[in-house]
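Now for the letters of each chain:
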Amino acid sequence: MNYTEKNGQIITKYKQYLKLEKSLAENTVDAYMTDLDKLIAYITLENIPITDVTLDDLETFSAGLRDIGINPRSQARILSGIRSFYHYLVLENYIQQDPTELLESPLIGKHLPDTLTVDEIDQLIGAIDRSTPEGLRNCAILETLYSCGLRVSELCNLKISDLYLDENFIKVDGKGSKQRLVPISPRAVKEIKNYFLTRGDRLIKPGYEDYVFISRFGKNISRIMVFHIIKVLTEEIGLKKSISPHTFRHSFATHLLEGGANLRAIQCMLGHESIGTTEIYTHIDRSRLRKEIIEHHPRNLKTMG
């Protein structure tokens with residue numbers, strides 16, 4: 001029996017333990033299993049058997065949750081479920097030492113950006129006047145932010161030569177001149193193509209022809225302008241949350257994790273400095289990244305449905 005099959009057997013018995021011995025409600029059991037699945041997905045990708053997990057592994061996993069912007073309360077809940085699981089492994093003599101004993105929980109109360117729901121994102125984009133060239137551009141901007149989890153600076157500097165729309169990928173120049181390939185949803189591709197129908201109508205200054213998103217001044221759009229676009233739309237629909245371009249990036253990561261995407265894949269797609277480019281592609285190849293987005297990003301789920 002390989003370790004994946006063994007992991008599966010242990011998880012099945014743990015679920016039975018929660019139902020039968022702990023007498024937990026079905027919804028509570030599902031919540032425990034959903035949180036545990038996040039760890040299982042991570043250690044499976046790292047080729048670590050459940051029974052071989054160390055405190056260092058758990059701290060790396062915990063740091064990854066923080067790294068992608070999961071709020072401290074949700075981090076604490078996930079880690080609590082993992083503690084329960086490893087307590088069970090000790091109880092059933094699968095392991096002798098509980099690796100969660102010294103695992104610290106995050107401090108509750110640390111402020112993180114608001115997260116938008118999919119409906120709120122739809123409301124914001126739905127409030128845009130699509131009858132104007134600026135409206136088509138702004139639709140494409142917000143869909144790209146949400147579809148790809150970009151930093152606002154990465155969006156502003158996105159080049160036409162970095163778009164591989166037929167393959168549903170874009171190339172992103174991140175921090176420290178590190179490049180990464182990020183899958184882009186069919187809906188965002190559609191909005192970019194709609195915007196391109198009128199992009200050529202505006203006067204573009206020499207040297208700026210390759211930038212995707214052009215301002216009315218003929219240069220690539222600025223960070224301040226993206227903030228302004230979002231601020232106006234937020235006020236227009238009466239949304240009371242504190243919204244910025246980063247909110248779309250944070251929502252991208254949160255929705256993917258909640259949908260079941262692998263933590264390592266999300267970190268990779270966000271382009272965080274804690275994971276080097278070479279290390280990324282030894283763990284996740286391009287097709288696997290695309291699979292994570294297609295299976296777990298709400299925009300793709302809607303498209304598939």
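An account of the accompanying structure is given in this report. Predicted, not measured: the structure shown is a model, and the values here were computed from it.

### Focus on the environment of Gly 259
Looking at where Gly 259 falls in the secondary structure, it is placed in helix H10 (residues 245-259). A relative accessible area of 42% means that Gly 259 is categorised as partly exposed. Taking the C-alpha atoms as reference points, Gly 259 and His 297, 38 residues apart in sequence, are found 7.1 Å from one another.

### Re the sheet that holds strand S2 (residues 169-173)
Strands sit in the order S1-S2-S3 across an open sheet of three strands; the sheet is antiparallel. The sheet is open, and its two edges are formed by strand S1 (163-164) and strand S3 (179-183), each paired on a single side. Sheet analysis places S2 next to S3, joined by five bridges and oriented antiparallel. Bridge pairing in S3 places Ile 170 opposite Val 182.

### Regarding the packing of aromatic side chains
Considering all chains together, one arrives at 10 aromatic pairs under this definition. Aromatic side chains Tyr 14 and Tyr 17 sit 6.3 Å apart centroid to centroid with 25° between the ring planes, which places their arrangement in the stacked category. Here Tyr 17 and Tyr 14 lie together in helix H1 (residues 3-21), a separation of three residues that amounts to about one turn. The two residues Tyr 14 and Tyr 17 agree in class, both being buried. The residue whose ring lies beneath Lys 159 is Tyr 211, and the NZ or CZ to ring-centre distance is 5.0 Å.

### Considering the pattern of salt bridges
All chains considered together, the criterion is met by 13 salt bridges. In this structure, Arg 299 engages Glu 143 in a salt bridge whose closest nitrogen and oxygen atoms are separated by 3.0 Å. With Arg 299 in helix H14 (residues 298-304) and Glu 143 in helix H6 (residues 133-148), this residue pair connects regions lying 156 residues apart in the sequence. Here Arg 299 and Glu 143 have matching classes, each one buried.

The rules behind each value
Residues numbered from 1 in each chain as written. Predicted model: local features only at pLDDT ≥ 70, side-chain atom pairs only at ≥ 80, totals over all residues. Heavy atoms only, no water. Helix = DSSP H or I, 4+ residues; strand = E, 2+ residues; numbered from the N terminus. Buried < 20%, exposed > 50% of the residue type's maximum accessible area, 1.4 Å probe, protein only. Pairing = 2+ DSSP bridges. Phe/Tyr/Trp six-rings, centres within 6.5 Å; stacked < 30°, edge-to-face > 60°. Lys NZ or Arg CZ within 6 Å of the ring centre and 35° of its normal. Salt bridge = Lys/Arg side-chain N within 4 Å of Asp/Glu carboxyl O.

Fair warning: the whole summary comes from geometry, so function is off the table for now.
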